[in-house]
Structure formats: C-alpha cells, structure tokens
Amino acid sequence: MQWLWGGGIPPWQPSQEVITGLRWAQKSLWEAGPAQPGSRGTSRSKCPLPLQVGMPRTLSTSDMVPPGSLGPPHPEPTDGEQAGQPLLDGAPSSASLDTLIEQLVPKADYYPEKAYIFTFLLSSRLFIEPQELLARVCHLCIEQQQLDKPVLDKAQVRKFGPKLLQLLAEWTETFPRDFQEESTISHLKDVVGRIAPCDEAYRKRMHQLLQALHQKLAALGQGPESLLGTDKPISYRNKPPASIHRELLSICSDPYTLAQQLTHIELEQLQHIGPEEFVQAFVNKDPLASTKPCFSDKTNNLEAYVKWFNRLCYLVATEICMPSKKKQRAQVIEFFTDVARECFNIGNFNSLMAIISGMNMSPVSRLKKTWAKVKTAKFFILEHQMDPTGNFCNYRTALRGAAHRSLTAHSSREKIVIPFFSLLIKDIYFLNEGCANRLPNGHVNFEKFLELAKQVGEFITWKQVECPFEQDPSITHYLHTAPIFSEDGLYLASYESESPENQTEKERWKSLRSSILGKT
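Quick summary incoming for the structure in this document. (Residues numbered from 1 in each chain as written. Predicted model: local features only at pLDDT ≥ 70, side-chain atom pairs only at ≥ 80, totals over all residues. Heavy atoms only, no water.)

### Here we look at the overall build of the protein
Moving on, step 1. When its secondary structure is counted, the protein shows 22 helices and two strands.
Moving on, step 2. Counting over 520 residues, the protein shows a buried share of 54%. (Helix = DSSP H or I, 4+ residues; strand = E, 2+ residues; numbered from the N terminus. Buried < 20%, exposed > 50% of the residue type's maximum accessible area, 1.4 Å probe, protein only.)

Below, the structure written as structure tokens:
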C-alpha cells in the first residue's frame with residue numbers, strides 16, 4: 001500500500017471532494033442565486049474552533065444566500081411581432097433565427113454593429129452549427145448581391161466587398177475555432193473568389209485573413225501546460241521526506257514574486273479560453289432542432305482552467321500539511337496569506353480564492369495547534385473580502401473596483417483583472433437557466449443573449465491583457481508539476497501532524513493508515 005499523491009480532482013466543476021473544507025466558497029456557488037445584494041449571516045455553528053483562537057472560517061448552510069432568480073420574464077410578443085424597441089441599431093429584443101441571420105449579413109449600404117456581431121455569433125451556436133451559419137451567410141451574400149451572375153455590378157460589389165471582408169475578419173479573429181473544418185474555409189474562399197474579379201485586393205486581403213487564422217489556430221492548438229498531463233497521480237511507498245514542503249519556499253520565498261508567477265499562469269491559461277466555451281458549457285438541445293445537440297464537447301480549455309484552480313487549492317493544502325513541526329506549518333500558512341494579499345493587490349482574484357479555499361480545507365482547518373501559532377489578522381481580512389455571504393458581495397465590490405482601475409490604467413500592471421472564475425461560471429449558468437433561449441412563439445430571446453454577451457465580452461477584454469511580469473520558469477514549472485496529496489493523503493498527513501481528537505477522526509485515521517501505509 002502506498003502514500004497517495006494527486007488524483008481525485010474533478011476536471012470540470014469546482015472541486016467538491018472535501019466539501020466541509022471547500023464549502024466556505026465552493027458549495028455556496030451553487031446554493032447562491034444570480035448576482036444580487038444579500039444580507040449577512042452570523043451563524044458560526046459549524047466553525048471547527050471559535051474564530052478568536054485563530055482558525056479559518058467554515059460557513060454553515062445558514063450563511064448561504066438562498067437561490068435567487070433573474071426576475072419575472074419580460075412580456076412575450078405574439079406571433080409575427082418583435083418585442084419592444086430594438087436593443088441595438090436594427091436588432092430586436094426577440095426575432096426568428098432567420099431574421100437574426102439576415103441582420104448579420106452586410107450589404108452595400110449596411111454593416112451590423114460590432115456588438116450585434118459578437119452577440120449573435122456567440123449565441124447562435126445554441127441553435128445552429130457555426131459551419132452551417134457561415135454557409136447560410138455566404139448564400140445570402142451571393143443571392144442578395146447577385147454574385148452568381150456572369151456579369152457583376154462592379155460599383156455595387158466594391159461597396160459590398162470591404163464590408164464582407166470586415167465581417168469575416170471579425171468572425172475569424174473572435175471565434176477562430178469555428179473555422180477548423182476545411183469545409184468552412186471552402187465557404188470563405190468561394191464567396192471571396194466571387195468578388196475578387198472586381199478588385200484583386202480582395203484576394204490579397206483574404207490570403208492575409210487566412211494566414212492570421214492559421215497562426216491563431218496553431219497557437220490555440222498548443223494548449224496551456226496544465227493540459228499536458230501534469231496532474232497524473234504520483235505514489236510513494238513511504239511518506240515523502242520533510243524537505244519537500246520547503247521546496248516551494250526554497251524556489252521562491254518572496255510572496256510578491258510568487259503572486260506575480262501565479263498571475264502569469266492565470267493569464268496564460270485564460271488566453272486559450274474562447275468565448276464560445278461559455279455557451280457550450282451549458283448547451284441544451286434546441287427544442288426546435290433535431291434530437292442531437294448542435295455540437296460535441298468543446299470546452300477543454302475552460303475545463304483545464306477550472307482544473308488549475310482545483311490543483312492550486314490542493315497544492316496549498318499539501319504545502320501546509322507536509323511539515324512535521326507546527327512552527328513550520330504556521331510559517332507556510334503565513335507565507336500563503338502574504339501571497340494571497342499580493343494577488344488581491346494585483347487583481348488576481350482567482351488565485352486569491354484558490355489559496356483561501358486551500359487554507360479552508362478540513363485537513364488544514366483542523367490543525368488547532370498550528371493555527372494557534374499563526375498571526376491570523378491578515379488572513380481574516382482576506383477571508384472577509386472573499387466571503388461568500390451575500391452572494392460574494394464584498395468580492396463583487398472589489399472586482400468592480402479592479403475593473404474601474406483597469407479602464408483608467410496608466411500602466412500594464414493596473415490593467416490586470418482576473419475574476420474568480422467559478423463564480424463567473426455560476427453567474428452565466430444562472431443567466432442561462434433563468435431565461436429561456438426561445439419564447440413561446442419560437443423567436444430567439446435576443447435580449448437574454450445581449451446580457452450573456454455583456455458578461456462574456458467583459459471577460460474577453462480582461463483575458464487579453466498581456467502579463468507585465470517576467471516569467472520565472474523554475475517557479476511556474478513547480479506550480480504546474482509539484483506533487484499534491486489526494487484528499488485521503490491530506491487527511492492522513494493532517495492526522496499524522498496533529499492527532500485525531502474524536503472517535504470519528506480516530507476511526508478515519510486508522511482506516512487511512514491501513515489502506516495507504518499498510519499499518520494497523
């Protein structure tokens with residue numbers, strides 16, 4: 001039997017394995033409703049120790065905000081009507097899919113708003129595959145501009161051509177994965193080939209567009225380091241030497257430097273997440289479509305990013321539980337508290353929450369003697385900032401402040417905004433679940449997708465910020481590849497460091513020693 005490392009971290013949803021430890025943040029994500037103000041709870045019934053002793057807080061269910069809603073539905077249009085006033089220039093709040101597709105097609109004297117293009121291309125994949133959408137757009141272009149005629153109206157085409165190329169450029173730049181199939185590229189070449197005789201510059205522009213597309217797809221195909229299988233379980237027959245816990249501090253003993261390297265990893269991971277993954281993560285079958293979904297699973301990068309969050313939680317807990325002496329464990333806790341504080345100052349809320357969640361895992365929070373030696377004032381301030389009470393109202397306030405700083409930034413460091421990703425996913429999930437994709441008359445609920453595009457678009461702006469910090473390969477490699485304990489490994493290390501206090505813990509300790517160490 002072996003001392004177990006790694007494994008046990010679900011690749012998609014926020015880690016639920018040690019629910020009593022991660023309940024502080026993770027469980028409340030799905031119990032709280034959409035973003036809205038909430039009142040503060042005061043219950044401490046499930047705290048492992050009174051707060052004044054210096055222990056991390058573990059919330060009870062009475063602290064959680066009950067499920068919310070997105071409010072009453074908007075009045076629904078009757079058949080043949082379009083609801084309300086246009087939300088964008090010429091874009092209705094609801095319309096048939098055919099009408100919305102026509103709205104996307106440029107003409108000699110018309111080009112859709114940029115916001116409409118992004119919104120429709122993002123949401124349309126719920127109803128029609130991108131390849132089919134492109135085919136229909138190209139067909140409408142050919143039909144409306146009479147591009148299938150032997151003789152073209154060159155004056156008309158020269159007005160239309162630049163608008164068509166602009167639409168294709170925006171589409172390929174924002175949603176490059178829509179063009180991975182060769183059949184999709186064929187549609188591009190065909191429609192541009194029809195207008196090229198009117199101006200050879202169109203063919204040259206198309207060549208440049210395809211070159212940029214291929215480069216973007218090649219870069220996206222490399223994937224972040226966390227997709228390279230670095231989380232495979234690693235086993236040791238005996239408890240690893242105590243020096244392992246000092247390895248991170250020996251590589252990087254400066255909290256600000258480690259926070260910078262965490263931010264570097266976060267931004268690198270975010271670069272690979274396409275906006276379409278937010279829609280595809282919650283895809284449901286369109287009731288007016290066939291029995292099959294519009295597409296297969298295409299959320300690998302989003303899943304990899306959530307997996308990175310879970311890994312960082314477990315890495316923090318592992319680094320704390322490994323030292324044999326409580327003084328050393330306390331030093332590690334204080335070090336990670338300082339790292340979390342620097343992450344907050346940078347605007348890296350995802351790493352901040354991962355660190356706090358790792359420190360709130362049960363194998364860590366039960367270490368009473370260790371926490372008694374920790375100066376917890378800074379930790380509790382950070383914990384308060386990321387408190388899930390009130391549907392994370394403190395965090396949302398801090399996020400708005402970081403977003404405002406980014407808009408008025410005078411340096412690249414001030415532009416950084418890395419949101420707590422699982423909460424962003426939760427907000428999008430409730431938006432998706434709270435409003436129907438289609439209205440009873442079959443119209444697409446475009447108003448819903450404008451709100452979806454607003455949330456996703458803001459995230460896309462944040463993820464495009466270039467990291468201002470120079471990468472330290474030795475630190476980032478350690479963060480990606482350092483062995484981490486499984487849940488059972490964490491509990492065993494915790495019990496070995498500080499003995500069980502009640503019968504339940506004693507029985508679990510005995511079971512873990514038997515199954516992992518082969519001892520009785």
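### Structural notes on a positive patch on the surface
Moving on, step 1. Residues Lys325, Lys326, Lys327, Lys369 and Lys373 make up a contiguous surface patch of positive charge.
Moving on, step 2. Of note, Lys326 is situated in helix α12 (residues 326-346).
Moving on, step 3. The exposure class assigned to Lys326 is partly exposed, which follows from its relative accessible area of 36%. (Patch = residues over 30% accessible without salt bridge, like charges linked within 9 Å, V, L, I, M, F, W, Y side chains within 5 Å. Areas by Shrake-Rupley, 256 points an atom, 1.4 Å probe, with all protein chains shown as cover. Salt bridge = Lys/Arg side-chain N within 4 Å of Asp/Glu carboxyl O. Lys, Arg positive; Asp, Glu negative; His and termini not counted. Charge placed at Lys NZ, Arg CZ, Asp CG, Glu CD.)

### Some points on the pattern of salt bridges
Moving on, step 1. The final tally for this structure, using the stated rule, is 18 salt bridges.
Moving on, step 2. Linking Asp178 and Arg125 is a salt bridge whose minimum nitrogen-to-oxygen distance equals 2.9 Å. With Asp178 in the loop between α5 (154-174) and α6 (182-195) and Arg125 in the loop between α3 (114-123) and α4 (130-144), this residue pair connects regions lying 53 residues apart in the sequence.
Moving on, step 3. Taking the relative accessible area as the measure of exposure, Asp178 reaches 5% and is therefore buried.
Moving on, step 4. As a salt-bridge pair, Asp488 and Arg508 come within 3.6 Å of each other at their nearest N and O atoms. Here Asp488 is found in helix α21 (residues 487-497), whereas its partner Arg508 is found in helix α22 (residues 503-517), with 20 residues between them in sequence.
Moving on, step 5. What makes Asp488 partly exposed here is its relative accessible area of 32%.
Moving on, step 6. One salt-bridge network, in which partners are shared between bridges, spans Asp338, Arg341, Glu342 and Lys378.

### Section: the nonpolar core
It is characteristic of soluble globular proteins that their nonpolar side chains tend to be buried jointly.
Moving on, step 1. Residues Leu258, Phe278 and Phe421 are the most contacted members of the largest nonpolar core, which totals 132 residues.
Moving on, step 2. With 13 residues, helix α11 (residues 300-321) is the largest single contributor of residues to this core.
Moving on, step 3. In this structure, this core is formed jointly by two domains, domain 1 (94-222) and domain 2 (248-285 + 293-485), each of which donates at least three residues.
Moving on, step 4. Other than its neighbours up to four places away in sequence, Phe278 contacts Ile273, Leu302, Phe421, Leu424, Ile425, Ile428, Val456 and Phe459. (Core = buried A, V, L, I, M, F, W, Y, C linked by side-chain atoms within 4.5 Å. Domains from an automatic or database assignment. Contact = heavy atoms within 4.5 Å.)

### Some remarks on the packing of aromatic side chains
Moving on, step 1. Applying the stated criterion across every chain yields a total of 20 aromatic pairs.
Moving on, step 2. With 4.7 Å between their ring centres and 75° between their planes, Tyr305 and Phe421 make a pair best called edge-to-face. In this pair, Tyr305 is assigned in helix α11 and Phe421 in helix α18 (residues 421-434), connecting sequence segments 116 residues apart. Each of the two residues, Tyr305 as well as Phe421, counts as buried.
Moving on, step 3. Taking 5.5 Å as the distance between ring centres and 80° as the angle between the ring planes, the aromatic pair formed by Tyr429 and Phe430 counts as edge-to-face.
Moving on, step 4. Tyr429 gets classed as partly exposed once you look at its relative accessible area, which sits at 27%.
Moving on, step 5. Taken together, the ring pairs in this structure connect Phe309, Phe344, Phe349, Phe392, Tyr395 and Phe420 into an aromatic cluster.
Moving on, step 6. Over the aromatic face of Tyr491 sits the side chain of Arg508, whose NZ or CZ is 3.7 Å from the ring centroid. (Phe/Tyr/Trp six-rings, centres within 6.5 Å; stacked < 30°, edge-to-face > 60°. Lys NZ or Arg CZ within 6 Å of the ring centre and 35° of its normal.)

### Structural notes on helix α16 (residues 377-385)
Moving on, step 1. Taken as a whole, α16 has its buried residues at Phe379, Leu382 and Glu383. Around the axis of α16, the buried residues are gathered within 100° of arc, so they sit on the same side. Facing away from the buried side of α16 by over 90 degrees, the exposed positions are Ala377 and Ile381. (Arc of directions from axis to C-beta.)

### Focus on the environment of Arg513
Moving on, step 1. With respect to the helices, strands and loops of the structure, Arg513 is situated in helix α22.
Moving on, step 2. Of the residues examined, Arg513 reaches a relative accessible area of 18% and is grouped as buried.
Moving on, step 3. For the pair Arg513 and Leu492, spaced 21 residues apart in sequence, the C-alpha to C-alpha distance is 7.2 Å.

### With respect to the environment of Ser412
Moving on, step 1. Tracing the chain through its elements places Ser412 in the loop between α17 (389-407) and α18.
Moving on, step 2. Taking the C-alpha atoms as reference points, Ser412 and Cys467, separated by 55 residues in sequence, lie 7.7 Å from one another.
Moving on, step 3. Look past the residues within four positions of Ser412 in its chain and what remains in contact with it is Val465 and Pro468.

### Some remarks on the packing of α12 against α16
Moving on, step 1. Relative to each other, α12 and α16 sit at 40°, their axes nearing to 9 Å. When the axes of α12 and α16 are compared, the pair comes out oblique. Taken as a pair, α12 and α16 cross one another with a handedness that is left-handed. Contacts between α12 and α16 involve Thr337, Asp338, Ala340, Arg341 and Phe344 from the first element and Lys378, Phe379, Leu382 and Gln385 from the second.
Moving on, step 2. Taken together, the residues of the contact of α12 with α16 sort by class into four nonpolar, two polar and three charged. (Axes fitted to C-alpha atoms, helices over the stretch in contact; angles between N-to-C directions. Parallel < 35°, antiparallel > 145°, perpendicular 65-115°, else oblique. Left-handed = near helix turned anticlockwise from the far one by under 90°. Nonpolar A, V, L, I, M, F, W, Y, C, P; charged D, E, K, R; others polar.)

### Digging into unusual backbone geometry
Moving on, step 1. Residues other than glycine seldom take positive phi values, yet Asn391 does so here, at roughly 55°.
Moving on, step 2. Here Asn391 lies in helix α17.
Moving on, step 3. In this model, Phe392 sits at a positive phi of 60°, which is unusual for a non-glycine residue.
Moving on, step 4. Checked against the element boundaries, Phe392 lands in helix α17.

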